[in-house]
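Observations on chain architecture
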Amino acid sequence: QSALTQPASVSASPGQSITISCTGTSSDVGGYNSVSWYQQHPAKAPKLMIYDVNNRPSGISDRFSGSKSGNAASLTISGLQAEDEADYYCSSYTSTYTVVFGTGTKVTVL
Amino acid sequence: EVQVVESGGGLVQPGGSLKLSCAASGFTFSGSTVHWVRQASGKGLEWVGRVRGKANNYATVYAASVKGRFTISRDDSKNTAYLQMSSLKTEDTAVYYCTRSNSGDSFDYWGQGTLVTVSS
């Protein structure tokens with residue numbers, strides 16, 4: 001199972017919006033509404049930001065939103081803030097009952 | 001308060017074995033699916049495998065990279081899960097995280113991770 005494809009890095013100024021893509025296949029992203037997004041700060045455990053494509057866990061800011069079209073999912077962060085600077089990973093359930101993560105995207109707030 | 005605490009990491013020689021533990025509290029452990037995820041230094045997240053609960057016969061699934069070498073188990077009476085690793089390779093060197101999914105395959109509670117180093 002190959003890792004889902006994400007851009008290596010995305011950067012923007014505070015207050016702007018960014019979108020991170022996550023591209024898979026019909027055997028993972030395209031086949032299930034089970035895409036999640038995680039935020040990871042350096043030397044910290046990942047934190048769930050979005051689950052089931054577009055749902056936010058309790059306590060997660062509505063500046064974070066998710067979507068999916070075909071074999072690709074996206075995470076949008078609006079009103080970018082300094083604390084959003086982190087690595088972001090998507091994940092998806094797969095047709096072989098496993099879970100696959102994305103390659104990861106480093107978000108830089110300029 | 002939710003707590004997930006991994007332990008058992010350390011230095012092991014190639015070909016050796018190691019058993020990690022994951023102790024959980026603050027949520028219904030028996031109803032959760034427990035997953036292990038690892039991360040090599042400076043690299044991305046890699047899903048290792050999972051064990052479902054009693055209602056799903058403690059079913060396990062593993063990533064191809066560890067299948068046949070790693071075994072995940074759980075003891076619901078102790079709210080603890082385990083990752084038995086054998087025939088370890090240098091490429092298994094990573095921080096190993098224990099996490100859980102309640103429904104679906106999103107991971108809401110994570111431990112702090114435990115470092116496994118495979119080196120001679």
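Residues numbered from 1 in each chain as written. Chains lettered and ligands numbered in written order. Predicted model: local features only at pLDDT ≥ 70, side-chain atom pairs only at ≥ 80, totals over all residues. Heavy atoms only, no water.

1. Some remarks on the overall build of chain A
Tallying secondary structure elements over chain A gives zero helices and nine strands in all. Reading chain A from its N terminus to its C terminus gives the helix and strand order β-β-β-β-β-β-β-β-β. Expected size for 110 residues packed as a compact globule is a radius of gyration near 13 Å; at 13 Å, chain A falls within 12% of this value. Out of the 110 residues in chain A, the part that is buried amounts to 45%. (Helix = DSSP H or I, 4+ residues; strand = E, 2+ residues; numbered from the N terminus. Rg over C-alpha atoms; globule rule 2.2 N^0.38 Å. Buried < 20%, exposed > 50% of the residue type's maximum accessible area, 1.4 Å probe, protein only.)

2. A look at the sheet that holds strand β2 (residues 18-23) of chain A
In a beta sheet, neighbouring strands are held together by backbone hydrogen bonds and run either parallel or antiparallel to one another. All names here are of chain A. Reading across the sheet, the three strands line up as β2-β6-β5 and stay open at both edges, with antiparallel pairing between neighbours. At either margin of the open sheet sits one strand with a lone partner, and together these are β2 and β5 (64-69). On average, adjacent strands in this sheet sit at an angle of 20° to one another, irrespective of strand direction. Sheet topology places β2 next to strand β6 (residues 72-77); six bridges connect them, and they run antiparallel. From the neighbouring strand, Cys22 faces β6, where its bridge partner is Ala73. (Pairing = 2+ DSSP bridges. Axes fitted to C-alpha atoms, helices over the stretch in contact; angles between N-to-C directions.)

3. Quick word on the state of the cysteines
Residue and element names in this part refer to chain A. For the coordinates displayed, the defined rule picks out two disulfides over all chains. Disulfide pairing is shown between Cys22 and Cys90; the S-S distance is 2.1 Å. Looking along the S-S bond of the Cys22-Cys90 disulfide, the torsion reads about 80°, which is the right-handed sense. In this pair, Cys22 is assigned in strand β2 and Cys90 in strand β7 (residues 86-93), connecting sequence segments 68 residues apart. Each member of the pair, Cys22 together with Cys90, is buried. (Disulfide = S-S within 2.5 Å.)

4. As for the sheet that holds strand β8 (residues 80-85) of chain B
All names here are of chain B. As summarised here, the arrangement of the four strands in space is β1-β3-β8-β7, forming an open sheet in which the pairing is antiparallel. Both outer strands of the open sheet, β1 (3-7) and β7 (70-75), are each paired with one neighbouring strand and no more. Strand-to-strand twist across the sheet, computed as the mean angle between neighbouring axes with direction ignored, equals 15°. Inspection of the sheet shows β1 paired to strand β3 (residues 18-25) by five bridges, in the antiparallel sense. Within β3, the residue paired with Gln3 across the bridge is Ser25.

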